[in-house]
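Descriptive structure summary
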Amino acid sequence: DVKVTQSSRYLVKRTGEKVFLECVQDMDHENMFWYRQDPGLGLRLIYFSYDVKMKEKGDIPEGYSVSREKKERFSLILESASTNQTSMYLCASSFWSGANVLTFGAGSRLTVL
Amino acid sequence: TQLLEQSPQFLSIQEGENLTVYCNSSSVFSSLQWYRQEPGEGPVLLVTVVTGGEVKKLKRLTFQFGDARKDSSLHITAAQPGDTGLYLCAGVLGNQFYFGTGTSLTVIP
């Protein structure tokens, strides 16, 4: 069964801490995405990557950075967590093809105190 | 940013009732997808519609893509408690996905 795995399901951090959210996919997908999900706002794109060491800003990149050193791994970094970054974070991947389908991980719920 | 508005935002119905969820945008998309998300899980693709006016059926779920490829609807016939979840539409342009605001459906036994 193909998967996108987010290693941390629940995290509680303090304001100002550095936070790493890890995402690994085993489908050899070129594209990987980080979304933030908040009630009533749907999914908002933070960053995406089409290839190793490549990254592009999405709609809400402020306060976040990403790293893609290997094709299967895409990490989201909060350099200095703030309370307004409390949210559900979803990682997804897709093939570079005409029939685009996003495969999501189960999500990482982050609470910043 | 492409914006997709879904309505209603919340829906609570009795088992056996029918319902329709709408996804509207002013933008044209190459395709439109519907995902369902259950509590504690990530969204899972239900269907992709590609052609304007296209209708797809998945058991009791009927999906339609608007003629102008700007909007879509999801109709559920005789809803079951297992249909409970968050329904998200997503407009696709190239390799980009633009998600709707979501419809939270609760089907009461």
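Just so you know, these numbers come straight off a predicted model, no measurement behind them.

The rules behind each value
- The numbers attached to residues start from 1 for each chain and follow its sequence in the written order.
- The naming scheme follows written order: chains are lettered A onward, ligands numbered 1 onward.
- Thresholds applied to this predicted model are a pLDDT of at least 70 for local features of residues and 80 or more for the giving and counting of side-chain atom pairs; totals over whole chains, interfaces and linings are not thresholded and use all residues.
- Side-chain metrics in this entry use all non-hydrogen atoms of the structure; hydrogen atoms and water are not considered.
- The term salt bridge refers to a side-chain nitrogen of Lys or Arg lying within 4 Å of a carboxyl oxygen of Asp or Glu.
- In this description a helix means any DSSP run of H or I spanning at least four residues, a strand means any run of E spanning at least two, and both kinds are numbered starting from the N terminus.
- Each residue's exposure class comes from its accessible area (1.4 Å probe, protein chains only) as a fraction of the maximum for that residue type: buried when under 20%, exposed when over 50%, partly exposed otherwise.
- Cysteine sulfur atoms that pair up within 2.5 Å are treated as a disulfide.
- As used in this record, nonpolar core signifies buried Ala, Val, Leu, Ile, Met, Phe, Trp, Tyr and Cys residues forming a set joined through side-chain atoms within 4.5 Å.
- Paired strands are those between which DSSP finds at least two bridges.

So, about the pattern of salt bridges. All names here are of chain A. Tallying each qualifying case throughout the model produces nine salt bridges over all chains. Two residues, Arg-73 and Glu-22, come together in a salt bridge whose shortest N-O distance is 3.6 Å. Remark: Glu-22 occurs in the loop between strand S3 (19–21) and strand S4 (23–25) and Arg-73 occurs in strand S9 (residues 73–78); sequence separation between them is 51 residues. Take Arg-73: its relative accessible area is 37%, and that puts it in the partly exposed class. Accessibility expressed as a relative area gives 23% for Glu-22, which makes it partly exposed. Across the pair Lys-71 and Asp-28 runs a salt bridge, and its minimum N-O distance is 3.0 Å. Of this pair, Lys-71 sits in the loop between strand S8 (65–70) and S9 while Asp-28 sits in the loop between S4 and strand S5 (31–38); the two residues are 43 residues apart in sequence, bridging distant segments of the chain. One network of salt bridges, with partners in common, ties together Arg-36, Asp-38 and Arg-44.

On to the state of the cysteines, then. Residue and element names in this part refer to chain A. By the definition in use, this model includes two disulfides over all chains. Each sulfur in the disulfide pair Cys-23 and Cys-91 lies 1.9 Å from the other. An S-S torsion of about -75° defines the bridge between Cys-23 and Cys-91 as left-handed. With Cys-23 in strand S4 and Cys-91 in strand S10 (residues 87–94), this pair connects stretches of sequence that are 68 residues apart. Looking at Cys-23, the relative accessible area reads 0%, which means it is buried.

Counting 22 residues, the largest nonpolar core has B:Leu32, B:Trp34, B:Phe63, B:Leu74 and B:Ile76 as its most contacted members. Residue assignment for this core shows that the elements contributing at least two residues are strand S3 (19–24), strand S4 (31–37), strand S5 (44–49), strand S7 (61–65), strand S8 (71–76), strand S9 (85–93) and strand S11 (103–108) of chain B. Within the second largest apolar cluster, 21 residues are counted, among which are A:Val19, A:Leu21, A:Met27 and A:Val66.

Looking now at the pairing of S9(A). All names here are of chain A. Taking burial as the measure, the six residues of S9 include five buried ones, the bulk of the element. Sheet analysis places S3 next to S9, joined by three bridges and oriented antiparallel. Across the sheet, residue Phe-20 finds its bridge partner in S9, namely Ile-77. Inspection of the sheet shows S8 paired to S9 by four bridges, in the antiparallel sense. Note that in S9 the partner of Ser-65 across the bridge is Ile-77.

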